[in-house]
Amino acid sequence: MTRLVRHSLALAQRNLIGVTRNPEAFLDVTLQPIIFIGLFTVVFGGAVAHGSQHDYLQFLLPGVLAQLIAFGGVAIGVNLNSDIEKGVFDRFRSLPIPRAAPLVGSVLADVVRYVVLCVITLGFGYIIGFRATTSVPEVVAACLIAIAFAMCLSWASVWVGMLARTPGAVQGTMLLILFPLTFGTSIFVPASTLPDWLQTVSKVNPLTHLVGVLRGLTVGGPVGNDLMWTFGWMAAMLAVFVPLALRAYGRRA
């Protein structure tokens, strides 16, 4: 286990060095939050919150953070698939490192991207009027839970990245899954306004519960039930997708 942690951290550092030389890789966690928050606040704010864009921003921002966190995991599957196509993993296979280290290292490196996403999302939200009504520790806890959720969900992207033939196929597959998953929630509108069948789906949607936690920790409200569901979904994602990703990696790399 010690070797796995040490080598995974070394490979995470390698991935971060690569990102510094390819800054456009950060566009999805820097520019996308600004576009999403600005766009949805202007387009939906007047209709959803009875004409008050400020009130809608209070409702919207925690939800958009959950959506962006989910979308942020797409890049890891794309990058891993690209590395395999370039033969990078052939080199890893020849090194005396644990088999899982390249995958774990990639997931750990993505923590930096998720931290940047949280800072940009909250920072831009504050610039245009969002105000947390809870304490600083609660807001920090919301960000930490969002990052932890993203790390668990990213293993699904890793699995798809090991199965798909091209980076484009990874991106297309993940977005095809994530778009209905994110829009069938209370991210943009209260769940009570959704059709009955979609409300039923929303109640078991992992992002619905993550949004509930983030809203409770940033603008106030109960979080206990949603927090239990969120931790349960995180554990389930790790239990399902980590073995699948490692098995697919063993066959592919």
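Procedures and definitions
Residues numbered from 1 in each chain as written. Predicted model: local features only at pLDDT ≥ 70, side-chain atom pairs only at ≥ 80, totals over all residues. Heavy atoms only, no water. Helix = DSSP H or I, 4+ residues; strand = E, 2+ residues; numbered from the N terminus. Rg over C-alpha atoms; globule rule 2.2 N^0.38 Å. Buried < 20%, exposed > 50% of the residue type's maximum accessible area, 1.4 Å probe, protein only. Contact = heavy atoms within 4.5 Å. Areas by Shrake-Rupley, 256 points an atom, 1.4 Å probe, with all protein chains shown as cover. Lys, Arg positive; Asp, Glu negative; His and termini not counted. Charge placed at Lys NZ, Arg CZ, Asp CG, Glu CD. Salt bridge = Lys/Arg side-chain N within 4 Å of Asp/Glu carboxyl O. Core = buried A, V, L, I, M, F, W, Y, C linked by side-chain atoms within 4.5 Å. Phe/Tyr/Trp six-rings, centres within 6.5 Å; stacked < 30°, edge-to-face > 60°. pLDDT = per-residue confidence, 0-100. Expected span 1.5 Å × (residues − 1). Axes fitted to C-alpha atoms, helices over the stretch in contact; angles between N-to-C directions. Parallel < 35°, antiparallel > 145°, perpendicular 65-115°, else oblique. Left-handed = near helix turned anticlockwise from the far one by under 90°. Nonpolar A, V, L, I, M, F, W, Y, C, P; charged D, E, K, R; others polar.

*Asks:* Provide a residue-level description of the overall build of the chain, including the pertinent values.
*Replies:* Counting its regular elements, the chain contains 11 helices and zero strands. Helices and strands in the chain line up, N terminus first, as α-α-α-α-α-α-α-α-α-α-α. The C-alpha atoms of the chain give a radius of gyration of 19 Å, which matches the 18 Å a tight globule of 253 residues would have. Structurally, the chain occupies a C-alpha span of about 60 × 40 × 35 Å along its principal axes. Counting the 253 residues in the chain, one finds 47% classified as buried. At a minimum sequence separation of 6, the contacts of the chain that also span at least 24 residues come to 80%. Split by element, the accessible area of the chain, about 11900 Å² in all, is 70% carbon and sulfur. Looking at the chain, you have 16 positive and 10 negative side-chain charges, and the mean spots of the two groups are 13 Å apart.

*Asks:* Outline the side chain of Asp226, supporting the account with residue identities and numerical values.
*Replies:* Mapped onto the elements of the fold, Asp226 is located in helix H11 (residues 224-252). Although buried, Asp226 forms no salt bridge, and the nearest oppositely charged side chain, Arg215, lies 8.4 Å from it. With sequence-adjacent residues up to four places away left out, Asp226 is seen in contact with His209, Gly212 and Val213.

*Asks:* Would you mind going over the nonpolar core in detail, with residue names and values included?
*Replies:* Grouped burial of nonpolar side chains is what soluble globular proteins tend to show. The biggest cluster of nonpolar side chains holds 68 residues, and the ones touching the most others in it are Ile69, Leu103, Trp155 and Val158. Sequence-distant contacts of Ile69, that is, excluding residues within four places in its chain, are made with Tyr114, Leu117, Cys118, Ala146 and Ala150.

*Asks:* Could you give me a rundown of the pattern of salt bridges, with the residues and numbers involved?
*Replies:* Applying the stated criterion across every chain, the model contains one salt bridge. Note that Arg113 is salt-bridged to Asp110, the shortest N-O span being 3.8 Å. Taken together, the positions of Arg113 and Asp110, both in helix H6 (residues 101-128) and three residues apart, correspond to about one turn of that helix. Asp110 carries the same exposure label as Arg113, and that label is buried.

*Asks:* Any chance you could break down the packing of aromatic side chains for me, citing the residues and the numbers?
*Replies:* Scanning the entire structure with this criterion turns up nine aromatic pairs. Where Phe71 meets Phe179, the ring centres are 5.1 Å apart and the plane angle is 50 degrees; that geometry is what we call tilted. Here Phe179 lies in helix H8 (residues 167-183) and Phe71 lies in helix H3 (residues 53-72), a separation of 108 residues in the sequence. The exposure class assigned to Phe179 is partly exposed, which follows from its relative accessible area of 38%. Counting every residue linked through ring pairs, the aromatic cluster contains Phe36, Phe40, Phe71, Phe179, Phe183 and Phe188.

*Asks:* I'd like a description of the confidence of the model for the chain, backed by residues and values.
*Replies:* Where the model shows low pLDDT, its predicted coordinates should not be examined in detail. Averaged over the chain, the pLDDT score is 86; the fraction of residues at 70 or greater is 95%. The element-level mean pLDDT for the chain is lowest in helix H5 (residues 88-94), coming to 72, with helix H10 (residues 206-219) highest at 95.

*Asks:* Requested: an account of H6, with residues and values cited.
*Replies:* A rise of 1.5 Å per residue sets the reference length of H6, with its 28 residues, at 40 Å; its end C-alpha atoms lie 41 Å apart and thus fit the reference within 8%. At the C-terminal side of H6, Gly129 shows a positive phi close to 125 degrees.

*Asks:* Can you lay out the packing of helix H4 (residues 74-86) against H6 for me, pointing to particular residues and giving the numbers?
*Replies:* Packing of H4 against H6 brings their axes to within 10 Å, and their N-to-C directions diverge by 135 degrees. As far as their axial angle goes, H6 and H4 are oblique. In this structure, the crossing between H4 and H6 has a hand that is right-handed. Residue-level inspection shows Ala75, Ile76 and Leu80 of H4 in contact with H6, the latter providing Leu103, Ser106, Val107, Asp110 and Arg113. Taken together, the residues of the contact of H4 with H6 sort by class into five nonpolar, one polar and two charged.

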